[in-house]
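What follows is each chain in one-letter form.
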Amino acid sequence: MSGRYDKKLVIAISSRALFDMTDSHKVFEEKGLAAYSKYQIERESEVLEPGDAFPLVQKLLRLNERLGEPLVEIVLLSRNSADTGLRIFNSIQDYGLNITRAAFSSGESPYRYIEAFGCDLFLSLDAVDVQRALEQGIAAATLLPSQGGNEEEQLRFAFDGDAVLFSDEAERIYKQHGLDAFTENEKAAAKKPLSGGPFKAFLSALHNLQAEFAGSDCPIRTALVTARSAPAHERVIRTLRAWNVRIDESLFLGGLPKGEFLRAYGADVFFDDQPLHCDSAKDHVATGHVPHGIANE
């Protein structure tokens, strides 16, 4: 993260992730840019409904009230022009969201500004933009239409392990050679830390933000929710220890569906690389698909 944003947790959100823009996007797809622009300008005073990322953004921004200083920043990235984006900024103001930085790219992908803003995470409904952000080395996920939500004040993140927090080096062995080969490899490499995956830096940034709070008073909680089970658990534990990163809860599910466990944990958002696990999760919690690793090749 750039020194200009030292200590800050900076998260980029697309306008369609922050607000429900289903109707206006349908106008764009069916009638083109001119009709879309007219539609948005005519409705500048109409407040947009919250989108899938809206509750998460609210909780993130409330952390600054607890901290007493702005250590969390939300940056808006949008394919709108500044002209058609006025409705978006009006909606931001109406909801009282402290979002002041934005990039409006007039139809082009705004992903190229993610690194310049010093972002730790990018959330979007556009899978192509997400893939390009991942290629830049930025943690990114495609938000899926999800049900459920955590009404608690505490902000709860949940992560898959392989190909999300960790590289997909072990998962490749499983996909190519099966469970027995995977298990034997992980037993043999138990004391060798895994390489970092696309969300390693984001988890570290969260860990640093958690350190700003005292003990049990921390308003952020993290969980590892993985299909791994014993004896493949040891390498994961030793990897996190080597990174000097704390995970509050670790669930080793041995292939069980993750959805019910995520609901019980109360995740505000869950990140996984495998579409099958995302489908299980999205019926219970907000879910972000991370198109990275062998499962997405």
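Reading the values: the criteria
- Residues numbered from 1 in each chain as written.
- Predicted model: local features only at pLDDT ≥ 70, side-chain atom pairs only at ≥ 80, totals over all residues.
- Heavy atoms only, no water.
- Helix = DSSP H or I, 4+ residues; strand = E, 2+ residues; numbered from the N terminus.
- Rg over C-alpha atoms; globule rule 2.2 N^0.38 Å.
- Contact = heavy atoms within 4.5 Å.
- Areas by Shrake-Rupley, 256 points an atom, 1.4 Å probe, with all protein chains shown as cover.
- Lys, Arg positive; Asp, Glu negative; His and termini not counted.
- Charge placed at Lys NZ, Arg CZ, Asp CG, Glu CD.
- Buried < 20%, exposed > 50% of the residue type's maximum accessible area, 1.4 Å probe, protein only.
- Pairing = 2+ DSSP bridges.
- Phe/Tyr/Trp six-rings, centres within 6.5 Å; stacked < 30°, edge-to-face > 60°.
- Lys NZ or Arg CZ within 6 Å of the ring centre and 35° of its normal.

A closer look at the overall build of the protein
- Scanning the protein from N- to C-terminus turns up 12 helices and 12 strands.
- Computed over C-alpha atoms, the radius of gyration of the protein comes to 19 Å, within 12% of the 19 Å expected from 2.2 N^0.38 for 297 residues, which places it in the range of a compact globule.
- Its C-alpha atoms give the protein principal-axis dimensions of about 65 × 45 × 35 Å.
- A separation of at least 24 residues holds for 73% of the contacts in the protein among residues at least 6 apart in sequence.
- Surface accessibility of the protein: about 13600 Å² in total, with carbon and sulfur atoms responsible for 47%.
- Separation of charge centres in the protein, based on 32 positive and 44 negative side chains, amounts to 4 Å.

Considerations on the pairing of strand β11 (residues 269–272)
- Every second residue of β11 is oriented toward a common face, with V269 and F271 on one face and F270 and D272 on the other, all of them buried.
- As paired strands, strand β8 (residues 155–159) and β11 are joined by 3 bridges and run parallel to one another. Within β11, the residue paired with F157 across the bridge is V269.
- As judged from the 3 bridges shared by β11 and strand β12 (residues 287–289), these two strands associate in the parallel manner. Within the sheet, the bridge partner assigned to F270 lies in β12 and is T287.

Observations concerning the packing of aromatic side chains
- Across all of its chains, the model carries 13 aromatic pairs by this definition.
- The lysine or arginine in question, R43, covers the ring of Y39, its NZ or CZ lying 3.7 Å from the ring centre.

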